[in-house]
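Observations on the model geometry
Given next are the chains, with one letter for each unit.
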Amino acid sequence: MDNSSGVGVLDKAALVLAALEPGPATLAGLVTATGLARPTAHRLAVALEHHRLVARDMQGRFILGPRLSELAAAAGEDRLLAAAGPVLARLRDITGESAQLFRRQGDHRVCVSAADRPTGLRDSIPVGSQLTMSGGSAAQVLLAWEDPERMNKGLMKATFSAAELSAVRKRGWAQSVGEREPGVGSVSAPVRSPSGKVVAAVSVSGPLERLTRQPGRMHAPAVVAAAERLSQNLRR
């Protein structure tokens, strides 16, 4: 076998995945493409299906599975973190407010990168902080593009409504006034993977004395631009 790793079963599994890269394949097609014996090809395809690395289409043919997309997204998110620091620092300097990057983890959102306003009254969220998904503009962004089931589940405990999430999707950004903490406002926009999936939210936050009760009017363009720069980084 060409390019053998020395671990036969992994080499054969890699052959099955490579054979599915061009598109769906029947078992007979896998046998032809890989050169594997029919029982071996079937056993490997079914095992890969168990781990969601392979799936079936409506005709029962083997296709690449959803787990591969999830792993690819995770690899892209590492590039996201590498690019986040300079983008958030620039956003902080443009707006004069603290800037953050959030990812969703289950029922929480986690601050994975931040650039705080250096002086004066500010909203500081340390990296690693777990915040609720029930309120705040970043929570709105991370929930607005979810599938209906997850969205409806998230709305059960949320301070915002389905109509507000619809508005977020239409304009491409969210704002909050005192949702997460009294006296604090924020603006957030989505960061998207190359497939278009929302993988993070860029935010600025600060006291309402500066942001006013319509923080989006002041800072939405800058926040959307920062989110787009990070999305572009993932597309490279």
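Residues numbered from 1 in each chain as written. Predicted model: local features only at pLDDT ≥ 70, side-chain atom pairs only at ≥ 80, totals over all residues. Heavy atoms only, no water.

**Thoughts on the overall build of the chain**
Scanning the chain from terminus to terminus reveals 9 helices and 8 strands. Reported as C-alpha extents along the three principal axes, the dimensions of the chain are approximately 70 × 35 × 25 Å. In the chain, which comprises 236 residues, the share counted as buried stands at 43%. Nonlocal contacts in the chain, meaning residues at least 24 apart in sequence, comprise 54% of its contacts between residues at least 6 apart. (Helix = DSSP H or I, 4+ residues; strand = E, 2+ residues; numbered from the N terminus. Buried < 20%, exposed > 50% of the residue type's maximum accessible area, 1.4 Å probe, protein only. Contact = heavy atoms within 4.5 Å.)

**A short note on empty space enclosed by the protein**
This structure, assessed with the given rule, holds 1 cavity of 30 Å³ or more. Space inside the largest cavity adds up to approximately 100 Å³. Looking at the largest cavity, it is lined by 16 residues, and the ones nearest its centre are Arg109, Ser137, Arg180, Ser186 and Ser205. Counting residues per element, the ones that place at least two in the lining of the largest cavity are strand S3 (98–105), helix H5 (137–144), strand S7 (184–192) and strand S8 (198–207). Ranked by residues supplied to the lining of the largest cavity, first place goes to S7 with 4 residues. Its residues placed into classes, the lining of the largest cavity shows 4 nonpolar, 9 polar and 3 charged. (1 Å grid on protein atoms, 1.4 Å probe; cavity = no way out; pocket = protein on both sides within 12 Å on 5 of 7 lines; lining within 4 Å. Points joined across faces, edges and corners; volume = space filled by probe spheres on them. Nonpolar A, V, L, I, M, F, W, Y, C, P; charged D, E, K, R; others polar.)

**Description of the UniProt feature "domain: HTH iclR-type" (unreviewed entry) in the chain**
Annotation from UniProt places "domain: HTH iclR-type" (unreviewed entry) at residues 7–66. Between the end C-alpha atoms of residues 7–66 the distance is 25 Å, and the span holds 58% helix and 10% strand. (UniProt positions renumbered as here; feature names shortened; annotations may be inferred.)

**Overview of the packing of H5 against helix H7 (residues 162–171)**
One way to put it is that H5 packs onto H7 with a least axis distance of 9 Å and a crossing angle of 80°. The angle between the axes of H5 and H7 places the two elements in the roughly perpendicular class. Residue-level contacts link Gln140, Val141, Leu143 and Ala144 of H5 to Leu165, Val168 and Arg169 of H7. Residues that form the contact of H5 with H7 fall into these classes: 5 nonpolar, 1 polar and 1 charged. (Axes fitted to C-alpha atoms, helices over the stretch in contact; angles between N-to-C directions. Parallel < 35°, antiparallel > 145°, perpendicular 65-115°, else oblique.)

**Concerning the sheet that holds strand S5 (residues 130–132)**
If you trace the 6 strands from one edge of the open sheet to the other, you get S5-S4-S3-S8-S7-S6, paired in antiparallel fashion. Every other strand in the sheet has two partners, leaving S5 and strand S6 (174–177) as the edge strands with one partner each. The average undirected angle you get between the axes of adjacent strands in this sheet is 35°. In the packing of H5 onto the sheet, the strands contacted are S3, strand S4 (108–115), S5, S6, S7 and S8, and the crossing angle to S8 comes to about 160°. (Pairing = 2+ DSSP bridges.)

**What about the packing of aromatic side chains?**
With the rule as written, the count across this model stands at 0 aromatic pairs. Taking the ring centre of Trp173 as reference, the NZ or CZ of Arg171 above it sits at 4.3 Å. (Phe/Tyr/Trp six-rings, centres within 6.5 Å; stacked < 30°, edge-to-face > 60°. Lys NZ or Arg CZ within 6 Å of the ring centre and 35° of its normal.)

**Observations concerning the domain arrangement of the chain**
Here the chain is partitioned into domain 1 (8–75) and domain 2 (79–234). Summarising the inter-unit geometry, the C-alpha centres of domain 1 and domain 2 are found 38 Å apart. (Domains from an automatic or database assignment.)

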